[in-house]
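Read off the chains here:
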Amino acid sequence: MAAPRAGLGAGAGAGAGAAAAAGVPGRQGSSGVEVVFPSEPAPPAPLCPHGPTLLFVKVNQGKEETRRFYACSACRDRKDCNFFQWEDEKLSGARLAAREAHNRKCQPPLSRTQCAERYLKFIELPLSQRKFCQRCQQLLLPDDWEKHHEHRVVGDISITQLRRPSQLLYPLENKKTNAQYLFADRSCQFLVDLLPTLGFTRVLCVGTPRLHELIRLKASDDKKSNIKSLLLDIDFRYSQFYMEDSFCHYNMFNHHFFDGKAALEVCRTFLQEDKGEGVIMVTDPPFGGLVEPLAVTFKKLIAMWKEGQSEDSSHKELPIFWIFPYFFESRIRQFFPSFCMLDYQRFHRTFICVDEAMKYGCMLEVDYDNHALYKHGKTGRKQSPVRIFTNIPPNKIILPSEEGYRFCPLCQRYISLENQHCEHCNSCTSKDGRKWNHCFFCKKCVKPSWIHCSVCGHCALPDHSCGGPKEGCFICGELDHKRSTCPKITTSKKVNRAVRKQKQRKSNKMKMGITKGQSMNHTSVTRKKNRRERAHQYLCS
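Here the structure is a predicted model, which is why all the values come from computation and not from measurement.

Enquirer: It is not clear to me how the overall build of the protein chain should be interpreted in this structure. Could you clarify?
Expert: Helix and strand content of the protein chain: 12 helices and 28 strands. For the protein chain, the share of sequence-separated contacts (at least 6 apart) that also reach a separation of at least 24 residues comes to 61%.

Dropping the structure here:
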């Protein structure tokens, strides 16, 4: 699942690890942090609470620095997982033992088998005895009631609620945003309706808990439906609601099954059932996640699926729906050249506010496209930036005409109404829901807000700074280092601190003027009276 994540569903926040906030990987001449996958066999990566770590390297002006390091694969913030180790660092036995003890302490309190046993006991209880602790996010058996008597406990948990755990569980708190993104039900329903029409009977849900829920709901309510699913997610709390063959605690950034070989075999069996026929993988990674670790993981799942294929089927590919923002298209196609991007633009997520949920004891959901902070672009256009990347031929995926989609016979795919076919590019070129314009200098279509810049030699926004993106330090302007390592950062911090204090003092004075009002006037009169009395005493002395 994921953390600020989406469909991710109700999950934890998985992200780009050490590299998420540092820069865009793979860009020539860029500075930041990149993930490293050694081409030659390497020793096993050290473990953190989220499984094997990833190897990173700092990059400055497109050149790698000499020393590489290991960091957590799943957490974008060091406050969430502070693992750090230089690649060539030798640890003492005491430090290794302390790290192993810390990793064990961070694991879920109950094993996968214990969670399944508790679930079976829970559903046998009468409705009045089915309770859920919102503080601990745990289903309670009668023996647990005394331990949680001072907590906020919800009673009468119905079977319907147990089938929708993403609505019962609070999203895992992210220390940066205190919020979580989940698939909106209408977006999940689009997939639930689409997948059977494409002939799929099994869905491997990687980080999409809500899709998993709706598939299982449809299978239980509709006897004609033969579709089933397996959820792989990093949020261990789902272990309480599913048996071992329906959920695996999993980290998609390092292909780590937290419950070992047993969970691995569950996934393998699911993929290879019916010789691998009729299965599709649907994944919705966190937007902050690096594409390369995800691609490596997905290729391992593809290899697992191919193990059950015959030699005659070796040319086949595991069908995949990868749900990600459209501006990652080039990165995704770098690793999966056969993928294409569908033009379905109404893929929405709901915004979950953790603070409000904790305050009122209920889930507060706001549509992603309607939320003031999370609209698409400065103009707040309704189209979502999320798209489906797939290796399924696009002419087989019929998009709903009632939502304005139509079939382009030249491109052999369904497109939105605003997406016009360009005779020069020989393609329907729009990617963001607007009509793009063809630039004869660049020999391609560009966004309508862009113009051709003769200085830069390509199209860009009218108010862009010519000469390309500025690299280097924001403090001193030097190109050989970044702001975080600038030798003048201490002076800069002092200046910024002084400015902040000055603003704070000004703000405090304004607040005092607003809140004290008449009290301030009374004080002023008193001071004038005291000054007159002192002046009178001085003159009389």
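Having seen the structure, we can now continue with the description.
Enquirer: Hey, could you run me through unusual backbone geometry in this one?
Expert: Phi at Gln137 takes a positive value of approximately 55 degrees, unusual for a residue other than glycine. If you trace the backbone, Gln137 turns up in the loop between β7 (131-133) and β8 (138-140). The phi dihedral of His255 is positive, around 55 degrees, even though this residue is not glycine. Tracing the chain through its elements places His255 in the loop between β13 (247-251) and β14 (256-257). Take His255: its relative accessible area is 17%, and that puts it in the buried class.

Enquirer: Any chance you could explain the sheet that holds β8 here in plain terms?
Expert: Within a sheet, each strand pairs with its neighbour through backbone hydrogen bonds, oriented either parallel or antiparallel. Taken in spatial order, the 3 strands of this open sheet run β8-β7-β9, and their pairing is antiparallel. The sheet is open, and its two edges are formed by β8 and β9 (153-154), each paired on a single side. Of the pairings in the sheet, the one linking β7 to β9 comprises 2 bridges and is antiparallel in character. Bridged to Phe132 within β9 is Val154. Strand contacts of helix α2 (residues 112-124): β7 and β8, with the helix running at about 50 degrees to β8, the strand carrying the most contacts.

Enquirer: Is there a simple way to explain the pairing of strand β15 (residues 279-283) in this structure?
Expert: Each regular strand displays side chains that alternate between the two surfaces of the sheet. Counting buried residues along β15, 5 of its 5 residues qualify, which places the element largely inside the surrounding structure. Taking every second residue as pointing to the same face, both faces of β15 are buried, with Val279, Met281 and Thr283 on one and Ile280 and Val282 on the other. Summarising the sheet, strand β11 (residues 202-206) and β15 pair through 5 bridges and their orientation is parallel. Bridge assignment links Leu204 to a residue of β15, and that residue is Met281. Looking at chain direction, β15 and strand β16 (residues 320-325) are connected through 3 bridges and run parallel. Within β16, the residue paired with Val282 across the bridge is Phe321.

Enquirer: In this structure, what is going on with the environment of Leu211? I would like to understand it.
Expert: The residue Leu211 is located in helix α6 (residues 209-221) in this model. Separated by 23 residues in the primary sequence, Leu211 and Cys188 have C-alpha atoms spaced 5.4 Å apart. Here Leu211 is in contact with Cys188, Leu191, Val192, Cys205 and Val282, once residues within four sequence places are set aside.

Enquirer: Would you take a moment to explain a nonpolar patch on the surface for this structure?
Expert: Together, Leu120, Ile123 and Ile159 make up a nonpolar patch on the protein surface, roughly 210 Å² of accessible area in all. By secondary structure assignment, the location of Leu120 is in helix α2. Residue class for Leu120 comes out partly exposed when judged on its relative accessible area of 40%.

Enquirer: What is the right way to read empty space enclosed by the protein from this model?
Expert: Left-over empty space is what a probe sized like a water molecule reveals as it rolls over the atoms. Under the defined criterion, the tally for this structure stands at 2 cavities of 30 Å³ or more. In this structure, the largest cavity occupies an estimated 50 Å³ of space. As for the largest cavity, its lining consists of Cys115, Arg118, Tyr119, Phe122, Leu139, Leu141 and Gln240. At 4 residues, α2 tops the list of elements feeding residues into the lining of the largest cavity. Considering the residues around the second largest cavity, the lining is formed by Leu342, Asp343, Pro394, Ile397, Leu399, Arg413 and Tyr414. Residues of the lining of the second largest cavity, tallied by class, amount to 5 nonpolar, no polar and 2 charged.

Enquirer: Could you clarify how one ought to interpret the pattern of salt bridges in this entry?
Expert: As a working rule, side chains carrying opposite charge can pair if their charged atoms are close by. The final tally for this structure, using the stated rule, is 14 salt bridges. A salt bridge links Asp432 to Arg434; the nearest nitrogen and oxygen atoms lie 2.7 Å apart. For the residue pair Asp432 and Arg434, the accessibility class agrees, reading buried in each case. Through salt bridges with shared partners, a single network forms among Glu265, Arg268 and Glu307.

Rules used throughout
- Residue positions are given per chain, counted from 1 along the sequence in the order it is written.
- Totals for whole chains, interfaces and linings use all residues, but because this is a predicted model, local features are given only for residues with pLDDT of at least 70 and pairs of side-chain atoms are given and counted only at 80 or more.
- As a rule here, side-chain values come from all non-hydrogen atoms in the structure, and water together with hydrogens is ignored.
- Labels follow the DSSP assignment, with helices taken as runs of H or I lasting at least four residues and strands as runs of E lasting at least two, numbered in each case from the N terminus.
- Two residues qualify as a contact provided that any one of their heavy atoms is within 4.5 Å of a heavy atom in the partner residue.
- Burial classes: relative accessible area under 20% of the type maximum marks a residue as buried, over 50% as exposed, and values in between as partly exposed (1.4 Å probe, protein chains only).
- By this definition, two strands are paired if DSSP reports at least two bridges between them.
- In this analysis, axes come from line fits to C-alpha atoms, helices being fitted only over the stretch in contact, and the angle between any two N-to-C directions falls in the range 0 to 180 degrees.
- Patch members must show over 30% relative accessible area and no salt bridge, and they are joined within 9 Å when carrying like charges or within 5 Å when they are nonpolar side chains of Val, Leu, Ile, Met, Phe, Trp or Tyr.
- The method behind every accessible area is Shrake-Rupley, applied with a 1.4 Å probe, and residues are considered shielded solely by the protein chains displayed.
- For this analysis, a salt bridge means a side-chain nitrogen from Lys or Arg found within 4 Å of a carboxyl oxygen belonging to Asp or Glu.
- Lining residues are those with an atom within 4 Å of a point, where the points come from a 1 Å grid over the protein atoms alone and group into cavities, where a 1.4 Å probe fits but cannot get out, or pockets, open sets with protein on both sides within 12 Å along at least five of seven lines.
- Grid points are joined across faces, edges and corners, and a volume is the space filled by probe spheres set on the points.
- Residues are grouped as follows: Ala, Val, Leu, Ile, Met, Phe, Trp, Tyr, Cys and Pro are nonpolar; Asp, Glu, Lys and Arg are charged; all remaining types, including Gly, are polar.

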